[in-house]
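What follows is the residue order along each chain.
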Amino acid sequence: MATRSTPKSGSPAGSGFVSGAYDSGSIGTAPSSVTFPTLIQISRPYLSAEHIAILSQQANNSNGVRESQSRFHAFALIINTGNQLRFPVRTLGSAMVLFQQFYLFNSLQNFSSVSDTALACLLVASKMEDTLKKIKDILIAAYNVRHPNGPEISLDSQVLDEQRRRSLFLERQVLETMSFDFRVKHPHPYVIKFCRKLTLGSEQAQLAWLICFDSYKTLAPLKHTAHAIALASIYIAGVLLDRDISGYANNTADFLVDLHDYENIILELLELYIDWLPQTTLASRFPDLDKFMSMRIEVNKRLSHSNGSDNQFESKNDILKAPKIRDFTIGDKGTMRYVLDSERAKVEESLL
Amino acid sequence: MPLDAFEARLAFTDLLRRLNASVQSATKCAQFAIRYKDLSEDLYSCIVEELELTSLNSRVNILYFLEILGENSIRIGFPDYVDMIRRDLWELLDKVVPVLPGALANIALARKAIDNLQRKTIITEEELHRVTKRLEEREAQISKDEISSFSRGDILKRMDEDRERHKRMRENIWVIPQGDAIQVEFENAWETTSDLGEDDYDSMKEENNLLKQYVLK
């Protein structure tokens, strides 16, 4: 998130807007005698590893085993609820990415009910991906998932109404965290297109499809493009099926994928499989960790030989300054505006 | 409150007459039919009668209602309504797209409706194919020359109902059909996704540029 505030004269100095607390954006105020502080939040559709490290430190949501388990619990809730509602993979995927993004920018302390947040993410995802479902339908499906043998919940239940209210509040928080930026790309269509182009056959494509689904449980979608993730998944699928991977492993540029990115995504995915195999779609088919571990050794070897620098984080312009944790009450103190990128903010400022 | 056959028929016909394109009205009808499923034959004959008597526009609403009725029947495991719908499928459609001026307006909707019936496993694929063929033949039969006389009110009502149906469709068209969800979706995508092309490369370039803005190398 990148925002800046400059309260105009007349507004209380101790208004709570701390100038410099956020990155620069630009300011706008209502053209009237009454001035009030306006903040602009600029969307960050992608984050670098360094950004993520900075945010994690601020949020103090430690990445310990307990937190990881609760995260996977949330993913399972999203997936099982979503399957009940017959959502396509892109909806489930978006929900999981939104969930991870949420707890990068918000602390667990302020939003301790991880399940509620997960369902709110599913709600937002269902709207984003044009697979609309009413809130109550989602909540009822979630209830059925959590109480498979339990009594059916009544449509008028007070518990449901209470949950619905909470979901609406959380939905808003999720939307603000993502800066209302609905530009999302998914790797799955690219898996099909690339596999067809390389004539790799449907078996490898299907395995890569599953791996892409697992990729949503990592931070890869926040750090890399969808087509890069697709290619990396195809590679892992190829190795697991003992296929010839030479067709693309050395020509990632043909698919507009940076080789270094590609290798890093492979590592990220392998880490998921090595550390959390039972939580993935490959657990039953590839229960043995050896293949994943030897893949990891290979990739690390390749990376250490290549010229790829361990990218030093350098900011060339404002937007790349370190992101900050959200103050979720800030909307109460003034007007928050959400802008897709700094270009637009600059254009607006010049018009005012 | 148990009703005798006569009262039930009256009440049900009344509900059928109030049917519009909304899910609520259809659900209300369906719930009544399920509640009095002991009288299923009587209630079903009301449906058939109403199809004969009511306007062309309203017949479409009844057709869409059958989908909700079928769905609910399957859910509670009550086969009678579904059996009767399958048995009389063409007879029912025949009334929705009769050889009358103005019926052409119903053809596209009828096609969608039977498609939905098959997707919800109310009718089989084979039945769908057979009846689709007959629909095509019927379409050719209906004269395109005669301009039908719909009142302005009818036209506006129909437009509203089409809008409502379209909204409903958007809520369901993405639903992954029965079976192992991920498998089914993959197979569908494998068949239908377009080949890698210019526009894909443009998209990928755009994404790469977007990434560059936020993640410096």
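What counts, and where the lines are drawn
Every chain is numbered independently, its residues counted from 1 as its sequence is written. In the order they appear in the text, chains get letters beginning with A and ligands get numbers beginning with 1. Predicted model: local features are reported for residues with pLDDT of at least 70 only, side-chain atom pairs are reported and counted for 80 or more only, and whole-chain, interface and lining totals are derived from all residues. With hydrogens and water excluded, all non-hydrogen atoms of the structure serve as input to the side-chain values. Secondary structure elements are defined from DSSP: runs of H or I of at least 4 residues count as helices, runs of E of at least 2 residues count as strands, and each element is numbered from the N terminus. For this measure, only C-alpha atoms enter the radius of gyration; the expected value for a globule follows 2.2 Å times N^0.38, where N is the number of residues. Whether a residue is buried, partly exposed or exposed follows from its accessible area with a 1.4 Å probe, protein chains only, as a fraction of its type maximum: under 20%, in between, or over 50%, in that order. Here a residue-residue contact requires only that any non-hydrogen atoms of the pair lie within 4.5 Å. All accessibility values rest on the Shrake-Rupley procedure with a 1.4 Å probe; residue burial counts only the protein chains present in the view. Put simply, a salt bridge is a Lys or Arg side-chain nitrogen that is within 4 Å of an Asp or Glu carboxyl oxygen. Domains are outlined according to an automatic or database domain assignment. Simply put, the buried area is the total loss of 1.4 Å probe accessible area from both parts when two parts are fitted together. Any pair of nitrogen or oxygen atoms within 3.5 Å is treated as a polar contact; in protein, a donor-acceptor pairing is required on top of that, and neighbouring residues in sequence qualify only through side-chain atoms on both sides. Patch rule: a residue counts if its relative accessible area is over 30% and it has no salt bridge; like charges are joined within 9 Å, and nonpolar side chains (Val, Leu, Ile, Met, Phe, Trp, Tyr) within 5 Å. Stacked, edge-to-face and tilted labels apply to pairs of Phe, Tyr and Trp rings (six-membered ring for Trp) whose centres lie within 6.5 Å, assigned for plane angles under 30 degrees, over 60, and everything in between, in that order.

Okay, the overall build of chain B next. Within chain B, the regular secondary structure consists of eleven helices and zero strands. Expected size for 217 residues packed as a compact globule is a radius of gyration near 17 Å; at 22 Å, chain B overshoots this value by more than 25%. Each principal axis of the C-alpha distribution contributes one length, and for chain B these read about 80 × 45 × 35 Å. By the burial criterion, 44% of the 217 residues in chain B qualify as buried. Relative to all contacts within chain B whose residues are 6 or more apart in sequence, the contacts with residues 24 or more apart total 76%. Summing over all exposed atoms, chain B offers an accessible surface of approximately 12,200 Å²; the carbon and sulfur share of this is 51%.

Attention now goes to the pattern of salt bridges. Residue and element names in this part refer to chain A. Under the criterion given, the structure shown has 36 salt bridges over all chains. The salt bridge involving R344 is made with D341; its shortest N-O contact spans 3.4 Å. Residue classification places R344 among the partly exposed positions, given a relative accessible area of 43%. Here D341 falls in the buried class, since its relative accessible area comes to 13%.

Moving on, we get to the domain arrangement of chain A. Residue and element names in this part refer to chain A. Looking at chain A, the domain boundaries give domain 1 (2–26 + 33–44 + 328–351), domain 2 (49–177) and domain 3 (188–304). Taking only C-alpha atoms into account, the centre of domain 2 sits 26 Å from that of domain 3. Between domain 2 and domain 3, the residue contacts involve 16 residues of the former and 13 residues of the latter. Summed over both partners, the interface of domain 2 with domain 3 buries about 1,300 Å², with 81% contributed by carbon and sulfur atoms. The largest contributions to the domain 2 side of the interface with domain 3 come from F72, V89 and Q100, which together make up 41% of the buried area. Along the contact surface separating domain 2 from domain 3 lie zero salt bridges. Linking domain 2 with domain 3 are two residue pairs in polar contact (both at pLDDT 80 or more), by the criterion used here. Only α1 (49–59), α2 (65–84) and α3 (89–105) provide two or more residues apiece to the side of domain 2 that touches domain 3. At nine residues, α3 tops the list of elements feeding residues into the side of domain 2 that touches domain 3.

Moving on, we come to the interface of chain A and chain B. Of the residues lining the interface, 49 residues belong to chain A; the matching set on chain B comes to 34 residues. In total, chain A and chain B occlude about 3,900 Å² of area from one another, counting both sides; carbon and sulfur atoms represent 62% of this. On the chain A side of the interface with chain B, the three residues burying the most area are R86, K193 and R196 of chain A, jointly 19% of the side's total. Linking chain A to chain B there are two salt bridges. The salt bridge involving K193 of chain A is made with D200 of chain B; its shortest N-O contact spans 3.1 Å.

Below, the discussion takes up the environment of D115 of chain B. Examined against the element boundaries, D115 of chain B turns out to sit in helix α7 (residues 104–119). Distance from D115 of chain B to L128 of chain B, taken between C-alpha atoms, is 7.1 Å for residues 13 residues apart in sequence.

A cluster of nonpolar residues, I155, L156 and M159 of chain B, forms a patch on the protein surface that exposes about 270 Å² of accessible area. Its location among the elements puts L156 of chain B in helix α9 (residues 152–172).

With that out of the way, let us pick up the environment of K217 of chain A. Residue and element names in this part refer to chain A. Of note, K217 is situated in the loop between α8 (202–215) and α9 (220–223). Residues in contact with K217, not counting those within four places in the same chain, are F72, F75, I79, M96, Q100, L272, Q279 and T280. Within polar-contact distance, the side chain of K217 engages the backbone oxygen of Q279 at 2.9 Å.

So, about the side chain of T252 of chain A. Residues and elements named next belong to chain A. Checked against the element boundaries, T252 lands in the loop between α11 (246–249) and α12 (259–276). The exposure class assigned to T252 is buried, which follows from its relative accessible area of 3%. Contacts of T252, omitting those with residues within four sequence positions, involve L231, V257, D258, L259 and Y262.

The next point concerns the packing of aromatic side chains. Describing an aromatic ring pair means giving the distance of the ring centres and the angle of the ring planes. Residue and element names in this part refer to chain A. Under the defined criterion, the tally for this structure stands at 19 aromatic pairs over all chains. Summarising the aromatic geometry, the rings of F72 and W276 are spaced 4.7 Å apart at their centres and angled 40 degrees between planes, so their arrangement reads as tilted. Residue F72 is found in helix α2, and its partner W276 is found in helix α12; the two are separated by 204 residues along the sequence. Looking at F72, the relative accessible area reads 3%, which means it is buried. The interplanar angle of 70 degrees and the centroid separation of 6.0 Å between the aromatic rings of F75 and F99 together place this pair among those described as edge-to-face. Note that F75 is positioned in helix α2 and F99 in helix α3, a separation of 24 residues in sequence. By relative accessible area, which is 1% here, F75 ends up buried. Judged by relative accessible area, which is 4%, F99 ranks as buried.

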